[in-house]
Amino acid sequence: MSEECTHDCSNCSANCSSRNAAPQHEPPHAKSHIKKVIGVVSGKGGVGKSMTSAMLAVAMRRLGHSVGILDADITGPSIPKLFGVHGPATGTEDGIYPIQSRTGISIMSINLLLEDEQAPVVWRGPVIAGAVKQFWQEVIWEDVDFLFVDMPPGTGDVPLTVFQTLPVDGILIVSSPQELVGMIVGKAVQMAEMMKVPVLGIVENMSYVVCPDCGRKIQVFGDSHVEQTAERYHLPVLAKMPIDPELAKEADAGMIETYAGAYLDGAAQAVADLLKK
């Protein structure tokens, strides 16, 4: 019989049986009031996870909900750039207050705490995981209906810490059309099952581009495989996001809240339905 693991698996990358244990969630800041926590995940980088997190937050805000974004991608924080917000975040002896976007979305990211936003975060896994815990326990999330957690890609330390620390009510998996994504989605689904977190569905990003002359949808990456992948794991496809130059323009300008596209309405409805449970 193997020796029982006695260390804190949330702060390491060891492949031990304690990872399969039921998560022991930790309470948020005493002054926080959060109704639902939604993780936005992807099995690989570069599929538009942060953009999806931002657009979902905007969609929920437009529906009249109070919304927050916890940017858990510590080494690649892009949420502040998308919203055009800057630090430093302020705080008192009680805790840290998130920065508010133009439409009132609460945002906390490592970039809002750094003196130089361009400075790289060269930290090891346990330190990064600790920062995510601080964003949950030391930031005052006041009266938030939906807190979106923008996770780094993969199934490493930070996603594990989020699942073990935060009471995640559901996750959305962001994918792209390539066949490779079937394997990537599978990894995310299996991790969610291990951590006993429900998967709300799949959002396919970069699904197509619309020809500006004829309006035809062009599948830049070839035929999509998301439907087969979704069927394999019994998940709904909640949205198919196009490659839109206007979206890229608004994102680069930090004006994501002014983008008029409604491609994520299906995903937003799946998130809103959680309040009925």
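Everything quoted here is computed from the prediction, not taken from an experiment. (Residues numbered from 1 in each chain as written. Predicted model: local features only at pLDDT ≥ 70, side-chain atom pairs only at ≥ 80, totals over all residues. Heavy atoms only, no water.)

A. Main features of the overall build of the protein chain. Helix and strand content of the protein chain: 8 helices and 10 strands. The C-alpha atoms of the protein chain give a radius of gyration of 18 Å, which matches the 19 Å a tight globule of 277 residues would have. Across the 277 residues that make up the protein chain, the buried fraction comes to 51%. Residue pairs at least 24 apart in sequence account for 78% of intrachain contacts in the protein chain once pairs closer than 6 positions are excluded. Accessible surface computed for the protein chain: about 13,100 Å², of which carbon and sulfur atoms make up 52%. Separation of charge centres in the protein chain, based on 21 positive and 32 negative side chains, amounts to 5 Å. (Helix = DSSP H or I, 4+ residues; strand = E, 2+ residues; numbered from the N terminus. Rg over C-alpha atoms; globule rule 2.2 N^0.38 Å. Buried < 20%, exposed > 50% of the residue type's maximum accessible area, 1.4 Å probe, protein only. Contact = heavy atoms within 4.5 Å. Areas by Shrake-Rupley, 256 points an atom, 1.4 Å probe, with all protein chains shown as cover. Lys, Arg positive; Asp, Glu negative; His and termini not counted. Charge placed at Lys NZ, Arg CZ, Asp CG, Glu CD.)

B. Quick peek at the nonpolar core. Core analysis: the largest hydrophobic core is formed by 81 residues, its most contacted members being Leu70, Phe83, Phe148, Val162, Ile171 and Ile256. It is helix α1 (residues 49-62) that provides the largest number of residues to this core, a total of 8 residues. With near-sequence residues (within four places) excluded, Ile171 lies in contact with Gly39, Val41, Phe163, Ala188, Ala192, Val197, Pro198, Val199, Leu200 and Gly201. (Core = buried A, V, L, I, M, F, W, Y, C linked by side-chain atoms within 4.5 Å.)

C. Just the pattern of salt bridges, in detail. Summed over all chains, the structure comprises 8 salt bridges. Across the pair Lys31 and Asp94 runs a salt bridge whose closest N-O atoms are separated by 2.9 Å. Residue Lys31 is found in the segment before β1 (34-41), and its partner Asp94 is found in the loop between α2 (79-83) and β3 (99-100); the two are separated by 63 residues along the sequence. The closest approach of N and O atoms between Asp169 and Lys36, which form a salt bridge, is 4.0 Å. Here Lys36 lies in strand β1 and Asp169 lies in the loop between α4 (157-165) and β6 (170-175), a separation of 133 residues in the sequence. Judged by its relative accessible area of 25%, Asp169 falls in the partly exposed class. Salt bridges linked by common partners bring Lys49, Asp73 and Asp150 together as one network. (Salt bridge = Lys/Arg side-chain N within 4 Å of Asp/Glu carboxyl O.)

These figures capture arrangement, not role.
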